[in-house]
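Observations on the model geometry
The lines below spell out each chain.
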Amino acid sequence: MEQPAYKRILLKLSGEALMGEADYGIAPEVINRIAAEIRQVRELGVEVALVVGGGNIFRGAGLAAEGMDRVTGDHMGMLATVINALALQDALEHQGVYARVMSAIKINEVCEDYIRRRAVRHLEKGRVVILAAGTGNPFFTTDSAASLRAIEVDADIMLKATKVDGVYSADPVKDPNAQRYQRLTYDEVLERKLGVMDATAIVLCRDQNMPIMVFDMTRRNSLLEAVCGKDIGTIVERGEP
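Residues numbered from 1 in each chain as written. Predicted model: local features only at pLDDT ≥ 70, side-chain atom pairs only at ≥ 80, totals over all residues. Heavy atoms only, no water.

**Brief notes about helix H7 (residues 199-208)**
Turn by turn, an α-helix covers 3.6 residues, leaving residues three or four places apart pointing in a common direction. Applicable threshold: Note on classification: 1.4 Å probe, protein chains only; a residue is buried when its accessible area is under 20% of the maximum for its type, exposed when over 50%, partly exposed between these limits. Only runs of H or I of at least four residues qualify as helices and only runs of E of at least two qualify as strands under DSSP, and these elements are numbered from the N terminus. The arc in question is the one traced by the directions running from the helix axis out to the C-beta atoms. Throughout, a contact is declared for two residues whenever any of their heavy atoms are within 4.5 Å.
Ala201, Ile202 and Cys205 are the residues of H7 that are buried. The buried side chains of H7 occupy one side of the element, clustering within an arc of 95° when seen end-on. Packing partners of the buried residues in H7 comprise helix H5 (142-152), strand E6 (157-162), helix H6 (186-192) and strand E10 (212-216). Just downstream of H7, Asn209 is the residue with a positive phi angle, here 55°.

**So, the pairing of E10**
What counts here: Two strands are counted as paired when DSSP detects at least two bridges linking them.
Most of E10 sits out of view: five of its five residues are buried. Residue alternation in E10 divides its side chains into two sets, Ile212, Val214 and Asp216 and Met213 and Phe215, and both sets are buried. Of the pairings in the sheet, the one linking E6 to E10 comprises five bridges and is parallel in character. Across the sheet, Ala161 pairs through a bridge with Phe215, a residue of E10. Here E10 pairs with strand E11 (residues 234-237) via three bridges, running antiparallel. Note on E11: the bridge partner recorded for Met213 is Ile235.

**A word on the sheet that holds E6**
Note the following rule: Between N-to-C directions, angles span 0 to 180 degrees; the directions come from axes that are lines fitted to C-alpha atoms, helices contributing only their stretch in contact.
As summarised here, the arrangement of the nine strands in space is E4-E3-E5-E2-E1-E6-E10-E11-E9, forming an open sheet in which the pairing is mixed. Unpaired on one side and paired on the other, strand E4 (112-113) and strand E9 (183-185) mark the two borders of the sheet. Most of the contacts of H5 go to strand E1 (residues 8-13), to which it runs at about 175°, and overall it touches E1, strand E2 (47-52), strand E5 (128-132) and E6.

**Section: the pattern of salt bridges**
Under the convention used in this document: Throughout this description, the term salt bridge denotes a Lys or Arg side-chain nitrogen within 4 Å of a carboxyl oxygen of Asp or Glu.
By the definition in use, this model includes 16 salt bridges. A salt bridge links Asp113 to Lys106, with the nearest nitrogen and oxygen atoms 3.0 Å apart. Among the residues examined, Asp113 registers a relative accessible area of 18% and is labelled buried. The class of Lys106 is exposed, set by a relative accessible area of 68%. A salt bridge links Glu124 to Arg121; the shortest N-O distance between them is 3.5 Å. Taken together, the positions of Glu124 and Arg121, both in helix H4 (residues 116-124) and three residues apart, correspond to about one turn of that helix. Glu124 gets classed as partly exposed once you look at its relative accessible area, which sits at 46%. Overall, the relative accessible area of 44% leaves Arg121 in the partly exposed class. When salt bridges that share partners are traced, they join Lys7, Arg8 and Glu47 into one network.

Now the structure itself:
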């Protein structure tokens, strides 16, 4: 039996991660695999909170660039994250995992409102908490929401699931000489503009000393390995004093 390195995690999933090879929407085989990997982590006794994006359905910033009101676009993007959250809840329940969707905007007919103490209580009871609708405010990304929620629920680490196995000095697809970093400080990420997450998210984590691990979620069992502390990605944390 693997031994987890963390008691409570927050997993940040992009909406695009749910598309698989498709151009839009949710790929059933992908969401079912993700749910199965979360079940593996729960079976180790790790408490799991989850923030999901909505880019597979709608991107508010994209339409804002084409002339749509940014606030309207961001509200539409928040609703897209609720759709993804409900799909993840269903996939987890099919795996026998208890899950709750909590939304930063009121949508009581389909999920609970986000209340910090209630979210923590769900985690303590062994339920996966899926946090939808970002922060509930326009102009803030779901990366910023993930940083905020990780801090609020007192997670041990925020795991950012991507399609690459860490943070590189350049785009590894375009530059074969790109260097993968094993460890970085928050300030190095900001100064080098490495694009791990947006600056607001990084600063939030830095100020509250919330470590971040960037890893490749497309590889099977990578979430389990990350939770067990294996060296599979890039850690962003505070540097030596």
